[in-house]
Amino acid sequence: MPRKQRQESHIGSSISDQMFYKKNMALFTLPSELLAIITSLSDTETLKALRLTNHMLCASATKNLFSTASLFAEDISCEAFESIITHPQLKEYVHKIRLNTVEFISVRAPTYASKYSESQKRCSALRQINRDGRGGWFYPPQSLEYRETILEWLGTGLVSLKRPLKELGIQHQQNVTPLSEDLQQVLSTLSSLRLNVVHECDPACTEEELEKQEVREFYAHTLSLVWLKPTMGSLRKLSLYSDLYWGFYPKFSLEGVHFPNLQSLTLGNFSFFEDQQVDWILSHSSTLHELYLDDCTILFQVRLSNVEYYIDDCPVLISRMKWQTSKHRRGEDWYYHYPRRWNEYFASFETGLPYLCRFAIGHNEAWDSAYNELPFEKELDLRPALMCDRYMEFDSGTVPSQFLDPRRGGGKIGRIGHNVTTKTARVCRHY
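A brief structural summary. The structure displayed is predicted, hence computed values, not measured ones.

## Brief notes about unusual backbone geometry
Excluding glycine, most residues fall at negative phi; most peptide bonds, likewise, are trans.
Turning to step 1, where the next piece is worked out: A cis geometry characterises the amide bond from Tyr 249 onward to Pro 250, with omega recorded as 0 degrees.
Turning to step 2, where the next piece is worked out: Checked against the element boundaries, Pro 250 lands in the loop between strand E6 (237-246) and strand E7 (264-272).
Turning to step 3, where the next piece is worked out: Here the phi dihedral of His 172 falls at roughly 65 degrees; this positive angle occurs in a residue that is not glycine.
Turning to step 4, where the next piece is worked out: Its location among the elements puts His 172 in strand E4 (residues 167-174).
Turning to step 5, where the next piece is worked out: Residue classification places His 172 among the buried positions, given a relative accessible area of 0%.
Turning to step 6, where the next piece is worked out: With phi around 60 degrees, Glu 377 is a residue other than glycine that occupies positive phi space.
Turning to step 7, where the next piece is worked out: For Glu 377, the location among the structural elements is in the loop between strand E12 (358-363) and strand E13 (383-384).

As structure tokens, this is what we get:
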């Protein structure tokens, strides 16, 4: 290469290096608060790389990298977790702990419980706990006794925190909750509660899943009395999901439940059937800023067989129903018609929620997961859409599911994993 050309090449390279240096130096002139926000948007691998860049980025990346700690019931995880909570500096960064209560439970349960209890004492900055008891099962991966023990450990550990816990998320919570004074005390200080409820399924007789005593007891009493009412005084963010349609059958009532400070509400797989449910949402008009409706439906028609347990568990009184001849079967049944449509709901939200800043209705792709998981911490991933199953019927005499999608001419199972095609139904254009 000629000498002049080599000089030009060297000059060009120097200019490029200087521009790159100045451009990146500008990043380091930003306030530490902005750097913290920027690094908080990075994934784990990027945070690890940033720690090796320089002292300034290392400090910011380290705080974000260790803000969340995970604990699995296995040796290598317990050792890694202990190294964090015993470190004089890193333990101060831990604000959130993810507890996995599934793996190797028969072998690791005692050690796991010990590490978990120790974490409560050493992580002084802890404000959020997420527990994953993976579920949605054919055969429960853990026994009821084990799940109850884990929940008791959870309450005992959290109530002993130096600072009251502010955020609690439980993914795949079984629909059985033992009464615990410690857990009730923890719930009373929460500002955020995420609860994903799963139920034991019966693949040979799916229509009877709603009739299980545990399911009926959970929605009739446990959900409101044990989980919701203790949080009413402090809760600002509430997210409730179920792998079965809920809200109508079995009977569930929001009577006596109100959150005077509620700012964000997320409902997943919820079924609307009367105006009082919308009125309950509107009763939070002075505080509610965010509302997310994920795969929720309006039940525009209900048909109940004249069977005592169906009538007893139905939230609609017989006096509001009509006794008439069945269109598709011999004999007569009880019918209930609900005239409201989504466009009327939207109008109510527009006029009745003056502080609402973010509203979304649609379908979260997490429903379609191969692992049969309910959406968890994914409100912002909700894909706006008007799904075909936004209107449904409830027919107590139909198998394999009592919930019917009239547009598709067949039954729809209100449980993830049973019928994926209905969860990915085409989007409809009309309200």
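## With respect to the pairing of strand E11 (residues 332-337)
Turning to step 1, where the next piece is worked out: Two strands pair when backbone bridges link them, and strand E9 (residues 297-304) and E11 are joined in this way by four bridges, in the antiparallel orientation. Looking at E11, one finds that Gln 301 is bridged to His 337.
Turning to step 2, where the next piece is worked out: In terms of strand pairing, strand E10 (residues 322-325) meets E11 through four bridges, oriented antiparallel. Across the sheet, the residue bridging to Lys 322 is Tyr 335, located in E11.

## Comments concerning helix H4 (residues 55-65)
Turning to step 1, where the next piece is worked out: Residues Leu 57, Ser 60, Ala 61, Thr 62 and Leu 65 constitute the buried set of H4.
Turning to step 2, where the next piece is worked out: Capping of H4 at its N-terminal end is provided by Asn 54; its side-chain oxygen lies 3.1 Å from the backbone amide nitrogen of Met 56.

## Overview of the environment of Thr 156
Turning to step 1, where the next piece is worked out: Tracing the sequence through the fold places Thr 156 in helix H7 (residues 144-159).
Turning to step 2, where the next piece is worked out: The spatial distance from the C-alpha of Thr 156 to the C-alpha of Leu 183 is 7.3 Å, given a sequence separation of 27 residues.

## Remarks on the environment of Pro 339
Turning to step 1, where the next piece is worked out: Its location among the elements puts Pro 339 in the loop between E11 and helix H12 (342-352).
Turning to step 2, where the next piece is worked out: Accessibility expressed as a relative area gives 54% for Pro 339, which makes it exposed.
Turning to step 3, where the next piece is worked out: Note: C-alpha distance between Pro 339 and Asp 275 (64 residues apart in sequence) is 9.9 Å.

## A few points about the environment of His 289
Turning to step 1, where the next piece is worked out: With respect to the helices and strands, the residue His 289 is situated in the loop between helix H10 (275-282) and strand E8 (290-294).
Turning to step 2, where the next piece is worked out: Residue classification places His 289 among the partly exposed positions, given a relative accessible area of 31%.
Turning to step 3, where the next piece is worked out: In the structure, His 289 is positioned 69 residues away from Arg 358 in sequence and 6.5 Å away in space, judged by C-alpha atoms.
Turning to step 4, where the next piece is worked out: Contacts of His 289, omitting those with residues within four sequence positions, involve Gln 263, Tyr 355, Leu 356, Cys 357 and Arg 358.

Cut-offs and rules
- Residues numbered from 1 in each chain as written.
- Predicted model: local features only at pLDDT ≥ 70, side-chain atom pairs only at ≥ 80, totals over all residues.
- Heavy atoms only, no water.
- Helix = DSSP H or I, 4+ residues; strand = E, 2+ residues; numbered from the N terminus.
- Buried < 20%, exposed > 50% of the residue type's maximum accessible area, 1.4 Å probe, protein only.
- Pairing = 2+ DSSP bridges.
- Polar contact = N/O pair within 3.5 Å; in protein donor to acceptor, adjacent residues only side chain to side chain.
- Contact = heavy atoms within 4.5 Å.

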